[in-house]
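The chain contents come next:
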Amino acid sequence: MAEYNPRAIEEKWQKRWAEARVFESDVDASKPIYYVLEMLPYPSGMLHMGHMRNYAIGDVVARVKRMRGFNVIHPMGWDAFGLPAENAAIQNNTHPRIWTNNNIEEFKRVLRRFGFSYDWRREISTCEPEYYRWNQWFFLRMLERGLAYRKKSRVNWCPKCQTVLANEQVVNGMCWRHEDTAVEAREIEQWFLRTTAYAEQLLDDLKLLEGGWPERVITMQRNWIGKSQGAKVKFAVADAPGAEAIEVFTTRIDTIYGACALILAPTHPLVDKLLKGSPEAAKVATKLKQMRQSSAKTEDLATAEKVGFFTGGYGKNPFNGEKMPIWVGNFVLLEYGTGAVMCVPAHDQRDFEFATKYGLPKPIVVQPVSGEPLNDASLKEPYTEYGRSVNSGPYSGLDSAAAIEKMTADAETKGFGKRETVFRLKDWGISRQRYWGTPIPVVYCAKDGLVPVPDKDLPVLLPPNPKLTGMGESPLAATPEFVNTKCPKCGGAARRETDTMDTFVDSSWYFYRYCDPHNDKAPYDSAKVGYWFPIDQYIGGITHAILHLLYSRFWCKVMRDLGMITHSEPAARLFTQGMVQKGGVAMSKSRGNLVGAMDMAEKYGADTGRLYTLFAAPPEKDLEWSEQGIEGCWRFVNKVFRLVDRHGERLRGVKGGKLDVAAASEKEKALLREAHQTLRRVTNDFETRWHFNSAIAQIMELTNEVHAAETHDVRPEALKEVLEMLTLMLAPMTPHLAEELWEMLGHGEGLPRVNWPKFNPELAREEEVEIVVQINGRVRGRMRVPAGLAEEEVTRRALQNPGVAAHMDGKRVVKRIVVPDKLVNLVVT
RNA sequence: GCCCGGGUGGCGGAAUGGCAGACGCAGAGGACUUAAAAUCCUCCGGGGAUUUUUCCUCAUGUGGGUUCGACUCCCACCCCGGGCACCA
């Protein structure tokens with residue numbers, strides 16, 4: 001009697017897998033291809049069960065696909081740049097690289113301990129020059145195409161640190177290190193990638209993802225891109241000859257006759273011009289300053305009170321020539337549309353609130369088609385639905401859709417407006433005033449201005465010994481040997497760009513690099529990528545539903561337009577797994593509720609740990625960590641081990657030939673039937689439904705059956721076949737145990753090369769089935785009949801069933817419903 | 001406010017319009033043991049009847065509906081979780 005020793009078994013098989021290089025895969029035209037990928041981790045302090053669950057799911061998929069004959073690529077790497085490393089470096093007076101690489105080592109140790117089937121030859125780390133030089137290369141390509149550009153943009157600035165803060169370093173509007181210091185908004189020149197150039201495609205191509213991506217991720221992306229169609233309308237500014245017109249974006253041009261004012265964003269460039277020389281200027285100066293300073297990003301923005309003031313200027317409604325006061329309002333955003341709106345209080349929620357507060361008129365210009373007509377005096381809330389235009393000059397009487405159409409067309413003809421589509425999506429600001437990121441490869445020369453670093457000079461390396469203080473100017477700017485360089489054009493003195501790139505750049509294309517990780521001539525060989533791509537199954541957290549996935553989709557389209565790839569979307573299928581929680585909240589360092597994956601592996605072994613995360617909940621749902629639950633999996637794993645151990649020696653001798661089914665006993669037939677029925681359901685759970693938890697439940701059930709059958713006279717041929725099936729079904733989840741069992745059953749070759757068992761419908765077929773008999777939909781009896789029995793006969797026997805007869809009691813059958821081999825329902829009166 | 005999820009025993013969960021509660025956890029009782037652990041066996045939603053057996057009945061957030069039949073589909077509402085939110 002051997003004892004189950006997970007550590008020894010797991011070490012043994014991991015060693016053999018590595019020696020036989022079973023998880024390495026290369027281009028092979030003879031096999032179907034499967035690319036399964038889990039989102040690459042940021043190597044923080046500890047690999048916890050939340051990470052583990054993600055990789056356990058991916059590994060099941062990878063292993064099942066291998067057993068199904070696919071050429072599987074299953075890589076892993078590190079999202080290694082980022083602020084935490086820099087913070088840790090400051091705190092511990094070390095280098096971000098050391099902290100990062102230590103963490104990577106630790107993560108890797110844990111992943112190896114769990115036996116995940118990665119092709120480690122393909123490992124990448126985004127902080128290595130071999131990787132980030134291609135970020136720079138891509139940046140240059142985008143720069144050439146006008147997809148990368150500089151503009152002034154708002155940043156968070158701590159006056160005490162004298163430095164830029166990342167959003168996550170701003171806590172309730174205060175600096176994270178100076179709780180008493182309010183963060184200021186500052187405008188500085190920064191680099192942007194023109195994601196808006198692809199807004200339409202990013203939206204349209206979501207159609208390609210339908211069915212493959214979760215509906216809600218698609219919805220979130222659609223909302224984020226936020227396309228709205230409407231019109232831009234120019235309002236001339238009255239009494240200000242030479243002043244440009246105010247342009248307004250609206251989706252409801254049909255309500256323009258109800259506009260009572262124009263409202264500008266506080267930061268709108270026209271505000272200062274209008275106030276110059278206006279008697280209002282002095283009165284509102286303080287108010288304006290306040291409005292401009294308050295960050296446009298606070299969460300309570302939507303609920304904050306609307307405030308504004310009259311500028312003293314007037315605009316002219318191009319449709320009816322009416323004079324309209326020009327106001328400034330805090331709820332108007334410069335970033336969206338044109339930074340100016342027309343105020344139609346009767347038909348817009350925000351305008352209604354604003355007009356109510358400042359006593360502006362609320363003329364009604366749309367009436368509902370049915371129901372009570374609106375009345376100016378009694379208007380309690382805005383009417384924002386479509387309806388019929390009223391008091392709208394020649395457009396009165398049209399329904400809203402027609403009015404929008406006609407008024408837009410007229411505005412275009414007359415030259416004061418045009419059809420316009422506006423996106424919520426903004427260009428992607430990639431500048432970070434940080435050290436631990438990819439240097440942006442441009443230099444500034446007094447003579448030649450902005451000069452891109454030539455490809456041959458890439459990578460622009462990070463200086464090895466930066467002064468990291470978290471205070472003052474950006475670390476690269478404070479490193480003279482980095483900043484001072486020669487202009488690639490004229491050879492004269494020049495300064496390097498000192499911003500580094502957002503780490504979302506790193507993760508936007510890493511999965512392409514996996515296909516060709518050591519290429520030093522290009523980001524990747526298009527032929528190799530062409531072979532593996534697209535990703536068949538991408539697996540990760542819902543937290544990345546918007547940014548990472550949107551940027552990746554953008555990058556893909558840019559690469560396609562560069563002629564590097566031919567597809568338009570990187571991942572055909574996306575799966576978002578639920579979080580692992582403890583105490584009802586997601587595991588996180590800040591909450592201090594982490595359960596280390598390594599501790600789990602040490603205590604129960606990798607297989608039990610893997611099994612539990614898959615068993616405890618369906619993969620898309622959140623999972624509450626329970627130490628008790630894992631005990632059950634531990635018991636199960638032991639039970640299977642003992643089961644095979646008890647029979648191993650006897651079964652090893654059984655060679656080849658399966659049991660002749662015709663000669664099989666009832667007990668043997670029943671056992672084989674159970675095994676093949678389990679196989680059918682488990683296969684479906686793995687491949688179609690992704691219900692790993694119920695797959696495991698089925699396997700547990702089969703194990704219980706085998707266990708119960710042991711005492712009966714079951715011949716070794718039958719027992720061996722069932723135990724082999726059991727072993728193979730467990731292999732994707734508890735691979736080390738399965739290998740050991742496979743060996744115990746007398747097999748030489750390693751499991752990763754063994755195919756998924758073949759389902760035999762003959763063996764799975766029931767000879768006799770239990771049929772439920774219902775009277776008026778209520779279960780009144782059950783009976784065993786031969787499978788496939790004709791309806792009439794089933795009904796006849798049902799009526800004879802004693803439980804049924806008791807409920808018939810002279811009643812008449814008016815209808816019968818027969819579900820073959822399952823149920824008969826008799827409707828009686 | 002808008003958009004998604006979700007609500008089933010003491011707990012995690014199962015049931016793709018056809019036996020609600022599979023499988024596991026926890027709990028109870030028993031076997032083995034000097035004892036414990038481990039293991040094995042039995043029971044395990046509520047109420048009622050019958051008491052060796054079994055039967056009836058209620059029950060999948062609430063209320064309606066569709067259907068021979070609803071955890072499953074439709075409508076309304078309640079609660080929980082998440083996302084978005086002055087987007088003009």
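As a reminder, the structure under discussion sits directly above these lines.
Since the model is a prediction, treat every value here as computed from it, not as a measurement.

Caption draft 1: Just the overall build of chain A, in detail. The helix and strand inventory of chain A stands at 27 helices and 34 strands. In terms of overall dimensions, chain A has a C-alpha envelope of 105 × 85 × 50 Å along the principal axes. A buried classification covers 53% of the 829 residues belonging to chain A. In chain A, once contacts between residues fewer than 6 apart in sequence are set aside, the share between residues at least 24 apart is 72%. One finds the centroid of the 109 positive side-chain charges in chain A at a distance of 2 Å from the centroid of its 105 negative side-chain charges.

Caption draft 2: Region of interest: the packing of aromatic side chains. Under the definition given, this model contains 51 aromatic pairs. Measuring from centroid to centroid gives 6.1 Å for Tyr-55 and Phe-116, while their planes differ by 70°, and the two rings are edge-to-face. In this pair, Tyr-55 sits in helix H2 (residues 49-67) while Phe-116 sits in the loop between helix H4 (96-113) and strand S4 (124-125), placing the two residues 61 residues apart along the sequence. Both residues of the pair, Tyr-55 and Phe-116, belong to the buried class. Aromatic side chains Phe-310 and Tyr-314 sit 5.5 Å apart centroid to centroid with 65° between the ring planes, which places their arrangement in the edge-to-face category. Here the aromatic cluster, defined as three or more aromatic residues joined through ring pairs, consists of Tyr-131, Trp-134, Trp-137, Phe-138, Tyr-198, Trp-428, Phe-504, Trp-509, Tyr-551, Phe-554 and Trp-555. A cation sits over an aromatic face here: Lys-151 above Phe-192, 4.6 Å from the ring centre. The residue whose ring lies beneath Arg-424 is Trp-224, and the NZ or CZ to ring-centre distance is 4.3 Å.

Caption draft 3: Region of interest: empty space enclosed by the protein. According to the stated counting rule, one finds two cavities of 30 Å³ or more in the structure shown. If you add up the space inside the second largest cavity, you get close to 30 Å³. Trp-213, Phe-511, Ile-535, Tyr-538, Leu-549, Ser-552, Pro-570 and Ala-571 are the residues that line the second largest cavity.

Caption draft 4: Geometry of the environment of Glu-280. Among the secondary structure elements, Glu-280 is positioned in the loop between helix H9 (270-275) and helix H10 (281-293). Overall, Glu-280 belongs to the buried group, its relative accessible area being 17%. With 154 residues separating them along the chain, Glu-280 and Arg-434 place their C-alpha atoms 43 Å apart. Other than its neighbours up to four places away in sequence, Glu-280 contacts Phe-310, Thr-311 and Gly-312.

Caption draft 5: A look at unusual backbone geometry. For the peptide bond that leads from Leu-458 to Pro-459, omega is 0°, which places it in the cis range. The linkage connecting Phe-533 with the following residue, Pro-534, adopts the cis geometry, with an omega of 0°. Following the sequence through the fold, Pro-534 ends up in the loop between helix H16 (526-532) and strand S26 (537-541). The residue Trp-690 is not glycine, and still its phi comes out positive at about 55°. Within the secondary structure layout, Trp-690 lies in the loop between helix H21 (666-689) and helix H22 (692-709). The residue Asp-821 is not glycine, and still its phi comes out positive at about 65°. Position of Asp-821 among the secondary structure elements: in the loop between strand S33 (813-819) and strand S34 (823-828). On the basis of relative accessibility, which here comes to 32%, the residue Asp-821 falls in the partly exposed class.

Caption draft 6: Representation of the protein's contact with RNA strand B. Surveying the vicinity of RNA strand B reveals 53 residues, the closest of which are Thr-251, Lys-306, Arg-350, Arg-782 and Asn-825. The protein-proximal atoms of RNA strand B, defined as those within 4 Å of the protein, are 62% sugar or phosphate. Contact between RNA strand B and Asn-684: a base oxygen at 2.6 Å from a side-chain N or O atom of the residue. Considering every element that reaches the surface near RNA strand B, the biggest residue donor is H22, with six residues.

Caption draft 7: Structural view of the packing of helix H3 (residues 83-92) against H4. At a minimum axis separation of 8 Å, H3 and H4 run at an interaxial angle of 115°. In this structure, the crossing between H3 and H4 has a hand that is right-handed. In this structure, H3 contributes Pro-84, Ala-85, Glu-86, Ala-88, Ala-89 and Asn-92 to the contact, and H4 contributes Pro-96, Trp-99 and Thr-100. Of the residues assigned to the contact of H3 with H4, the class counts are six nonpolar, two polar and one charged.

Caption draft 8: Representation of the sheet that holds strand S5 (residues 148-158) in the model. Spatially, the four strands line up as an open sheet ordered S6-S5-S9-S19, and their pairing is antiparallel. Where the open sheet ends on each side, the last strands, each with one partner, are strand S6 (163-165) and strand S19 (428-429). Summarising the sheet, strand S9 (residues 184-193) and S19 pair through two bridges and their orientation is antiparallel. What sits directly across from Phe-192, in S19, is Gly-429.

Caption draft 9: Molecular detail of the pattern of salt bridges. For the coordinates displayed, the defined rule picks out 59 salt bridges. One salt bridge connects Lys-15 with Glu-19, and the closest N-O pair in it is separated by 3.8 Å. Of this pair, Lys-15 and Glu-19 both sit in helix H1 (residues 6-20), four residues apart, which is roughly one turn of that helix. As far as the burial class goes, Lys-15 and Glu-19 line up, both exposed. Of the charged contacts in the structure, one is a salt bridge between Arg-121 and Glu-24, with a shortest N-O distance of 3.5 Å. Of this pair, Arg-121 sits in the loop between H4 and S4 while Glu-24 sits in the loop between H1 and strand S1 (33-38), placing them 97 residues apart in sequence. Judged by relative accessible area, which is 27%, Glu-24 ranks as partly exposed. Salt bridges here are not isolated pairs; linked through shared partners, they connect Arg-21, Glu-24, Asp-26, Asp-119, Arg-121 and Arg-122.

Caption draft 10: A look at the pairing of strand S14 (residues 323-329). For S14, a buried count of six out of seven residues is recorded, marking the element as mostly surrounded by other parts of the structure. Note: strand S12 (residues 261-264) against S14, three bridges, orientation parallel. Residue pairing in the sheet places Leu-264 in a bridge with Val-328 of S14. In the sheet, strand S13 (residues 308-316) pairs with S14 via six bridges, with the strands oriented antiparallel. Bridging across to S14, Lys-316 finds its partner in Lys-323. The antiparallel hairpin formed by S13 and S14 contains six residues in its connecting segment, where Gly-321 sits at a positive phi of about 75°.

Caption draft 11: Molecular detail of the packing of H21 against helix H23 (residues 716-730). Here H21 crosses H23 at 15°, and the two axes come no closer than 10 Å. In this view, H21 runs roughly parallel relative to H23, as classed from their interaxial angle. For the crossing formed where H21 meets H23, the hand is left-handed. Contacts between H21 and H23 pair Glu-668, Leu-671, Leu-672, Ala-675, His-676, Thr-678, Leu-679, Val-682 and Phe-686 from the former with Ala-718, Leu-719, Glu-721, Val-722, Met-725 and Met-729 from the latter. The class makeup of the residues in the contact of H21 with H23 is 11 nonpolar, two polar and two charged.

Parameters and conventions
- Residues numbered from 1 in each chain as written.
- Chains lettered and ligands numbered in written order.
- Predicted model: local features only at pLDDT ≥ 70, side-chain atom pairs only at ≥ 80, totals over all residues.
- Heavy atoms only, no water.
- Helix = DSSP H or I, 4+ residues; strand = E, 2+ residues; numbered from the N terminus.
- Buried < 20%, exposed > 50% of the residue type's maximum accessible area, 1.4 Å probe, protein only.
- Contact = heavy atoms within 4.5 Å.
- Lys, Arg positive; Asp, Glu negative; His and termini not counted.
- Charge placed at Lys NZ, Arg CZ, Asp CG, Glu CD.
- Phe/Tyr/Trp six-rings, centres within 6.5 Å; stacked < 30°, edge-to-face > 60°.
- Lys NZ or Arg CZ within 6 Å of the ring centre and 35° of its normal.
- 1 Å grid on protein atoms, 1.4 Å probe; cavity = no way out; pocket = protein on both sides within 12 Å on 5 of 7 lines; lining within 4 Å.
- Points joined across faces, edges and corners; volume = space filled by probe spheres on them.
- Near = heavy atom within 4 Å.
- Polar contact = N/O pair within 3.5 Å; in protein donor to acceptor, adjacent residues only side chain to side chain.
- Axes fitted to C-alpha atoms, helices over the stretch in contact; angles between N-to-C directions.
- Left-handed = near helix turned anticlockwise from the far one by under 90°.
- Nonpolar A, V, L, I, M, F, W, Y, C, P; charged D, E, K, R; others polar.
- Pairing = 2+ DSSP bridges.
- Salt bridge = Lys/Arg side-chain N within 4 Å of Asp/Glu carboxyl O.
- Parallel < 35°, antiparallel > 145°, perpendicular 65-115°, else oblique.

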